[in-house]
Amino acid sequence: KTRRLENIIEDLKRKAKVQAKVAAAARKQADQSMSIADQLEEHALEEREAANLRQAARTKANLVVVSSDAVLTSTETQLAEAERAASEASDLAAECRVKADQLAREVDAIEDPRTY
């Protein structure tokens, strides 16, 4: 009877030892999992910050594009106005040349009536 109790006790000790090893392995695995989870959280935070920076850069780039488009439109309008003004000035200069030639001929005719 005592021997049998000793065997039961030894068997229970072995089982307790095995359970302790399993618990230690589970604790170690849990610690590793927590460490990995912490690393993943840190990585996720870094990625979020990088995404925020990319979003800010994209927003700024879009503003630059809109501003550049406005400058381009303004420049095109100014160029068209300058071309129109240049064309008008050229036409006016041609009219002035014709008028000047006509006046020069009239002066010549007054000075020398035989020419005409």
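The structure under discussion appears in the preceding block.
These lines cover the structure that appears in this document, whether it is placed above or below. (Residues numbered from 1 in each chain as written. Predicted model: local features only at pLDDT ≥ 70, side-chain atom pairs only at ≥ 80, totals over all residues. Heavy atoms only, no water.)

**Details of a nonpolar patch on the surface**
This is how it is decided: Patch definition: residues above 30% relative accessible area lacking any salt bridge, with like charges linked at up to 9 Å and the nonpolar side chains Val, Leu, Ile, Met, Phe, Trp and Tyr linked at up to 5 Å. Computed by Shrake-Rupley with a 1.4 Å probe, the accessible areas treat only the displayed protein chains as cover when residues are assessed. Just to be clear on terms, a salt bridge is a Lys or Arg side-chain nitrogen sitting within 4 Å of an Asp or Glu carboxyl oxygen. A run of DSSP states H or I qualifies as a helix once it reaches four residues; a run of E qualifies as a strand once it reaches two. Both are numbered from the N-terminal end. Each residue's exposure class comes from its accessible area (1.4 Å probe, protein chains only) as a fraction of the maximum for that residue type: buried when under 20%, exposed when over 50%, partly exposed otherwise.
Together, Leu5, Ile8, Ile9 and Leu12 line one region of the surface with nonpolar side chains, adding up to about 370 Å² of accessible area. Structurally, Ile8 can be placed in helix 1 (residues 2–111). Residue classification places Ile8 among the partly exposed residues on the basis of a relative accessible area of 40%.

**Section: the pattern of salt bridges**
Scanning the model with the defined rule gives six salt bridges in all. Arg3 serves as the salt-bridge partner of Glu6, at 3.4 Å between the closest nitrogen and oxygen. Here Glu6 and its partner Arg3 are both found in helix 1, three residues apart, which amounts to about one turn of the helix. Classification of Arg3 as exposed rests on a relative accessible area of 58%. The partner of Lys15 in a salt bridge is Asp11, and the shortest N-O contact between them spans 3.5 Å. With Lys15 and Asp11 both in helix 1, this residue pair falls four residues apart, about one helical turn. On the basis of relative accessible area, Asp11 is assigned to the partly exposed category, the value being 29%.

**Section: a negative patch on the surface**
Rules: By the counting scheme adopted, Arg and Lys are positive, Glu and Asp are negative, and His together with the chain ends is not counted. Charge coordinates come from a single atom per side chain, which is NZ of Lys, CZ of Arg, CG of Asp or CD of Glu.
On the surface, a cluster of negative charge is contributed by Asp38, Glu41, Glu42, Glu46 and Glu47. Among the structural elements, Glu46 can be located in helix 1.

**Focus on the environment of Ala24**
Residue position: Ala24 is located in helix 1. Classification of Ala24 by relative accessible area gives partly exposed; the value is 36%. For the pair formed by Ala24 and Glu111, sequence separation is 87 residues and the distance between their alpha carbons is 127 Å.

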